[in-house]
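Here's the letter readout for the chains.
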Amino acid sequence: MQIKAKNNLGLVFFPAFDWSISPTHPERKERLLYTKDQVLEEGLLDIEGIEEYNPLVATIDDVNRTHICIPDTESIISKPHLISAGGAIKAAELVMQQEVDKAFAIIRPPGHHAFRIVYGARGFCTVNNEAIMVEYLRQKYGSDLKIAFVDTDAHHADGTQNIYYNDPNVLHISIHQDGRTLFPGTGFTDDLGGPGAFGRTINLPLPTNTTDQGLHYALDNLILPILDDFDPDLIINAAGQDNHYSDPLTQMKITAQGYAELNEKLDPDLAILQGGYSIESALPYINTGIMLAMAGLDYSYIKEPDYNSKIVKQSTKITDIIKKRVDKLLSSWKKRDEIDIQAKFNTQDYYTTQHNIFYDTAQIRENQQIKIKICPDCSGLMIIDSRAVPLSIGETRNIILPFDVCNECRQLGYNKYEISKSDFNYIYLQDKKEDKLLTNH
């Protein structure tokens, strides 16, 4: 008797055979090829309701809708980047067009460390696949779509957070190994979002050696209650698999069963593959377990060859730390709408911050000054002045008009774009609502 999936599931594979940082780099095509072998061996594509689809190819306009690539997009990205982003878009379109109930894009190069401003690759990421996908959806289906990201990579999703830090219609939750012990060194509980979307950034740093117990405590007591409250139109699991106990780059102890159960509880509409570098010992089992969970099928038999049930036990100290952080974040979420934004951000005009960003892959150091206008009528015009070394481009000005921009902020943004032309060799204006990127270069 043929097995039938409870939920129709679309799978999009793109292993990017012709792209690599180096042949032996941890982020390489074998990450996906071993998963594909496991999928075929388990006969998943023989199950009624599970089907594989080819990716689309994203366009330069799709990238420019999300990023400002300096000096230009064409000189920063390659065709595999466009196909990887197009794989995420294809997965989303399958769900939005109701061809499937859920979709999992197993794609590379990955994306969640790519910021809004891009000079090159960092954390193995150049452009942010899931953000490009979301901006595509908002442009096509309406900017009032409410999106929730739940990023389960061991590394803080600093790029996705950066892009949606001040966006009130996007909830970004990242659960990751404590940034004091792992790249990129960010993602702490006090980082709760910008003045236009305060409270909609949630970071839960987990202690090293956290097991399935800690992960599911956070899911049951923090993430699921917040999702119920936010009530998104789409839930996206940015599915990083490097919290696994065998991953060579991290110090966590999550199992394939832990990941699969997370997806059963989370019930995401979409999963987009992020990191995970235990190529043979973990990724085939984690990804297969997630697929079965998303399809509503039994995943209890998907276990690593060296699986031992004792590994799910964690120390009392780790449990206590997680409970305290969960309590703090849940309290912040409940009080988010009671906050006096002008008092919180200590300004009545522009909220100004400085960021130092290290591109570990491309060996670039960038300094940003970010100014967000405090506006009662929209989430606020954003101005980012940026300089990157050792590049010789000089300082650039980047003006971002959000989807919900008010008329006053729009006019202000275009005025600043015109008057700044004499002061900057490179100036960009990204107008989300009009779906265009202007530049003087």
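Residues numbered from 1 in each chain as written. Predicted model: local features only at pLDDT ≥ 70, side-chain atom pairs only at ≥ 80, totals over all residues. Heavy atoms only, no water.

**Some details on a negative patch on the surface**
Phase 1 of the analysis: Residues Asp144, Asp228, Asp231 and Asp233 make up a contiguous surface patch of negative charge.
Phase 2 of the analysis: Inspection of the secondary structure puts Asp228 in helix α7 (residues 212-230).
Phase 3 of the analysis: Since its relative accessible area comes to 65%, Asp228 is described here as exposed. (Patch = residues over 30% accessible without salt bridge, like charges linked within 9 Å, V, L, I, M, F, W, Y side chains within 5 Å. Areas by Shrake-Rupley, 256 points an atom, 1.4 Å probe, with all protein chains shown as cover. Salt bridge = Lys/Arg side-chain N within 4 Å of Asp/Glu carboxyl O. Lys, Arg positive; Asp, Glu negative; His and termini not counted. Charge placed at Lys NZ, Arg CZ, Asp CG, Glu CD. Helix = DSSP H or I, 4+ residues; strand = E, 2+ residues; numbered from the N terminus. Buried < 20%, exposed > 50% of the residue type's maximum accessible area, 1.4 Å probe, protein only.)

**As for the pairing of strand β6 (residues 147-151)**
Phase 1 of the analysis: Buried residues dominate β6, accounting for five of its five residues.
Phase 2 of the analysis: Neither face of β6 is left uncovered, since the one carrying Ile147, Phe149 and Asp151 and the one carrying Ala148 and Val150 both have all their residues buried.
Phase 3 of the analysis: Two strands pair when backbone bridges link them, and β6 and strand β7 (residues 170-177) are joined in this way by five bridges, in the parallel orientation. Opposite Phe149, over in β7, you have His172 as the bridge partner.
Phase 4 of the analysis: With respect to chirality, the unit in which β6 leads through helix α6 (residues 158-164) into the neighbouring parallel β7 is right-handed.
Phase 5 of the analysis: Two elements, β6 and strand β9 (residues 234-239), share five bridges in a ladder whose sense is parallel. Note on β9: the bridge partner recorded for Val150 is Asn237. (Pairing = 2+ DSSP bridges. Right-handed = clockwise from strand over helix to strand, strands pointing away.)

**Considerations on the side chain of Gln430**
Phase 1 of the analysis: The residue Gln430 is located in strand β15 (residues 426-431) in this model.
Phase 2 of the analysis: At 3.4 Å, the side chain of Gln430 forms a polar contact with the backbone oxygen of Arg65.
Phase 3 of the analysis: Not counting residues within four places of it along the chain, the set of residues in contact with Gln430 comprises Asn64, Arg65, Thr66, His67, Ile68, Arg116, Ile399, Ile400, Leu401, Lys436 and Leu437. (Polar contact = N/O pair within 3.5 Å; in protein donor to acceptor, adjacent residues only side chain to side chain. Contact = heavy atoms within 4.5 Å.)

**Concerning the environment of Arg200**
Phase 1 of the analysis: Tracing the backbone shows Arg200 in the loop between β7 and β8 (201-206).
Phase 2 of the analysis: When the C-alpha atoms of Arg200 and Asn263 are compared, they prove to be 21 Å apart, with 63 residues separating the residues in sequence.

**Quick word on the environment of Glu135**
Phase 1 of the analysis: With respect to the element layout, Glu135 can be found in helix α5 (residues 129-141).
Phase 2 of the analysis: The exposure class assigned to Glu135 is buried, which follows from its relative accessible area of 1%.
Phase 3 of the analysis: Counting along the chain gives 46 residues from Glu135 to Ile89, while the straight-line C-alpha distance between them is 9.7 Å.
Phase 4 of the analysis: Sequence-distant contacts of Glu135, that is, excluding residues within four places in its chain, are made with Arg65, Thr66, Tyr164, Phe403 and Lys432.
Phase 5 of the analysis: At 2.8 Å, the side chain of Glu135 forms a polar contact with the side chain of Tyr164.
Phase 6 of the analysis: Separated by 2.9 Å, the side chains of Glu135 and Lys432 make a polar contact.

**Some remarks on the nonpolar core**
Phase 1 of the analysis: The biggest cluster of nonpolar side chains holds 78 residues, and the ones touching the most others in it are Phe104, Leu171, Leu227 and Met291.
Phase 2 of the analysis: At eight residues, α7 tops the list of elements feeding residues into this core.
Phase 3 of the analysis: Look past the residues within four positions of Met291 in its chain and what remains in contact with it is Leu9, Leu11, Phe13, Thr35, Val39, Leu44, Phe104 and Ile106.
Phase 4 of the analysis: Membership of the second largest hydrophobic core comes to 41 residues, among which are Cys69, Ala105, Met133 and Ile272. (Core = buried A, V, L, I, M, F, W, Y, C linked by side-chain atoms within 4.5 Å.)

**Some remarks on the sheet that holds strand β2 (residues 48-53)**
Phase 1 of the analysis: Read from one edge to the other, the open sheet built from eight strands follows the order β2-β1-β4-β10-β9-β6-β7-β8, with strand pairing classed as parallel. Each edge of the sheet is formed by a strand with only one pairing partner; in this case those strands are β2 and β8. Pairwise comparison of adjacent strand axes, ignoring direction, gives a mean angle of 15 degrees for this sheet.
Phase 2 of the analysis: Note: β9 against strand β10 (residues 270-273), four bridges, orientation parallel. (Axes fitted to C-alpha atoms, helices over the stretch in contact; angles between N-to-C directions.)

**As for the pairing of strand β4 (residues 102-107)**
Phase 1 of the analysis: A large share of β4 lies buried, amounting to six of its six residues.
Phase 2 of the analysis: Note that strand β1 (residues 4-14) and β4 share six bridges and pair parallel. If you follow Phe14 over to β4, its bridge partner there is Ile107.
Phase 3 of the analysis: Where β4 and β10 come together, three bridges link them in parallel fashion. Note on β10: the bridge partner recorded for Ala103 is Leu270.

**Focus on helix α1 (residues 30-42)**
Phase 1 of the analysis: With 13 residues, α1 extends 18 Å between its outermost C-alpha atoms, agreeing within 8% with the 18 Å of an ideal straight helix rising 1.5 Å per residue.
Phase 2 of the analysis: Where α1 is concerned, the buried positions are Arg31, Leu32, Thr35, Gln38 and Val39. For α1, the buried positions fall inside an angular range of 120 degrees around the axis, keeping them on one side. The exposed set on the far side of α1, more than 90 degrees from its buried face, consists of Leu40 and Glu41.
Phase 3 of the analysis: Gly43 occupies a position one or two residues after α1 and carries a positive phi of about 75 degrees. (Expected span 1.5 Å × (residues − 1). Arc of directions from axis to C-beta.)

**A short note on the environment of Cys378**
Phase 1 of the analysis: Tracing the sequence through the fold places Cys378 in the loop between β12 (364-373) and β13 (382-389).
Phase 2 of the analysis: Using a relative accessible area of 10% as the deciding quantity, one classes Cys378 as buried.
Phase 3 of the analysis: A C-alpha to C-alpha distance of 17 Å links Cys378 and Arg336, two positions 42 residues apart in sequence.
Phase 4 of the analysis: Ignoring anything within four residues of it in the chain, the contact list for Cys378 reads Asp404, Val405, Cys406 and Cys409.

**Some remarks on the pattern of salt bridges**
Phase 1 of the analysis: Under the counting rule described, the total for this entry stands at 25 salt bridges.
Phase 2 of the analysis: Glu30 is paired through a salt bridge with Arg28; the nearest N and O atoms lie 3.5 Å apart.
Phase 3 of the analysis: Exposure remark for Glu30: the relative accessible area of 25% places this residue in the partly exposed category.
Phase 4 of the analysis: Here Asp220 makes a salt bridge to Lys265, at a shortest N to O gap of 3.1 Å. A residue pair is termed long-range when its members are at least 10 positions apart, and Asp220 in helix α7 and Lys265 in helix α8 (residues 256-266) qualify at 45 residues.
Phase 5 of the analysis: Of the residues examined, Asp220 reaches a relative accessible area of 35% and is grouped as partly exposed.
Phase 6 of the analysis: The exposure class assigned to Lys265 is partly exposed, which follows from its relative accessible area of 29%.

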